[in-house]
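Examining the three-dimensional arrangement
Spelled out, the chains give:
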Amino acid sequence: MKGSCLCKRVSYEIQHFSPHLSHCHCSMCRKFHGAAFATYGTVLQQDIQFHVLEDALKTFRSSEIAQRGFCQHCGSSLFYQFLDGRGTFDIALGTLDDEPNLPVEAHIFYGSKPQWSGEFADALPKYDKEHDLP
């Protein structure tokens, strides 16, 4: 699967996602994406290859435990990455050019969802935290 930022100065290739794809409703993801929620898929570090032109890929340490990657030219939100050495990237699915190999399986941090976004009537389970995922 391939993906990129809006200006295409940062692109990537993914072998496969594993194991979780989810809609995140936490306040940091909402702010990073400017939307009611962000949809991410977890990729092992060895299963993704980034191609970066002109040092376009930048990171912002958004908390004590994670950083977020974005293109400094077009502003596209690309990923978040835990800083604990787990060796994964959580890729913003909106930047994919292809369909992911797995379906989205849950809403996470659903308890943080703002009232203005309404209720989600899909059949996906809704968890108040990420750690509630099976």
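Each value, and the rule that gives it
- Residues numbered from 1 in each chain as written.
- Predicted model: local features only at pLDDT ≥ 70, side-chain atom pairs only at ≥ 80, totals over all residues.
- Heavy atoms only, no water.
- Helix = DSSP H or I, 4+ residues; strand = E, 2+ residues; numbered from the N terminus.
- Contact = heavy atoms within 4.5 Å.
- Salt bridge = Lys/Arg side-chain N within 4 Å of Asp/Glu carboxyl O.
- Buried < 20%, exposed > 50% of the residue type's maximum accessible area, 1.4 Å probe, protein only.
- Pairing = 2+ DSSP bridges.
- Axes fitted to C-alpha atoms, helices over the stretch in contact; angles between N-to-C directions.
- Core = buried A, V, L, I, M, F, W, Y, C linked by side-chain atoms within 4.5 Å.
- pLDDT = per-residue confidence, 0-100.

**Focus: the environment of Gln-81**
With respect to the helices and strands, Gln-81 occurs in strand S8 (residues 77-82). Through-space distance from the C-alpha of Gln-81 to that of Gly-69 is 7.9 Å; in sequence the pair is 12 residues apart. For Gln-81, the residues in contact, after removing those within four places along its chain, are Ile-65, Ala-66, Gln-67, Thr-88 and Phe-89.

**Description of the pattern of salt bridges**
In the structure shown here, the tally under the stated rule is 4 salt bridges. Glu-54 is the salt-bridge partner of Arg-9, the closest N and O atoms lying 2.9 Å from each other. Here Arg-9 is found in the loop between strand S1 (2-4) and strand S2 (10-14), whereas its partner Glu-54 is found in the loop between strand S5 (48-52) and strand S6 (57-61), with 45 residues between them in sequence. Arg-9 sits in the partly exposed class, given a relative accessible area of 27%. Judged by its relative accessible area of 52%, Glu-54 is exposed. Here Lys-126 makes a salt bridge to Asp-122, at a shortest N to O gap of 3.5 Å. Of the residues examined, Lys-126 reaches a relative accessible area of 31% and is grouped as partly exposed.

**So, the sheet that holds strand S9 (residues 88-92)**
The strand order across the open sheet formed by 7 strands is S6-S7-S8-S9-S4-S3-S10, and the pairing between neighbours is mixed. Pairing within the sheet leaves two strands with one partner each, and these edge strands are S6 and strand S10 (106-108). Geometrically, the sheet is characterised by an average inter-axis angle of 30° between neighbouring strands, direction not taken into account. Relative to S8, strand S7 (residues 66-71) is paired through 5 bridges, and the arrangement is antiparallel.

**Brief notes about unusual backbone geometry**
Cis peptide bonds are those with omega within 30 degrees of zero, and the linkage from Ser-18 to Pro-19 qualifies with -10°. As for its placement among the helices and strands, Pro-19 is situated in the loop between S2 and strand S3 (21-24). For Lys-8, which is not a glycine, the phi torsion comes out positive at approximately 70°. As for its position among the elements, Lys-8 is in the loop between S1 and S2. With a phi close to 50°, Asp-55 is a non-glycine residue in the positive phi region. Following the sequence through the fold, Asp-55 ends up in the loop between S5 and S6. Asp-55 sits in the exposed class, given a relative accessible area of 58%.

**Regarding the nonpolar core**
Ranked by size, the top nonpolar core spans 16 residues in total, and within it Ile-14, Phe-17, Ile-48 and Ile-91 carry the most contacts. Secondary-structure elements contributing two or more residues to this core are S2, S8 and S9. Counting residues per element, this core draws most heavily on S2, which supplies 3 residues. Tyr-40, Ala-66, Tyr-80 and Ala-92 belong to the second-largest nonpolar core, a separate cluster that totals 10 residues.

**Structural notes on the confidence of the model for the protein**
The share of residues in the protein with pLDDT of 70 or more is 96%, and the mean pLDDT across the chain is 91. Mean pLDDT across the elements of the protein ranges from a minimum in helix H1 (residues 27-33), with 90, to a maximum in S1, with 98.

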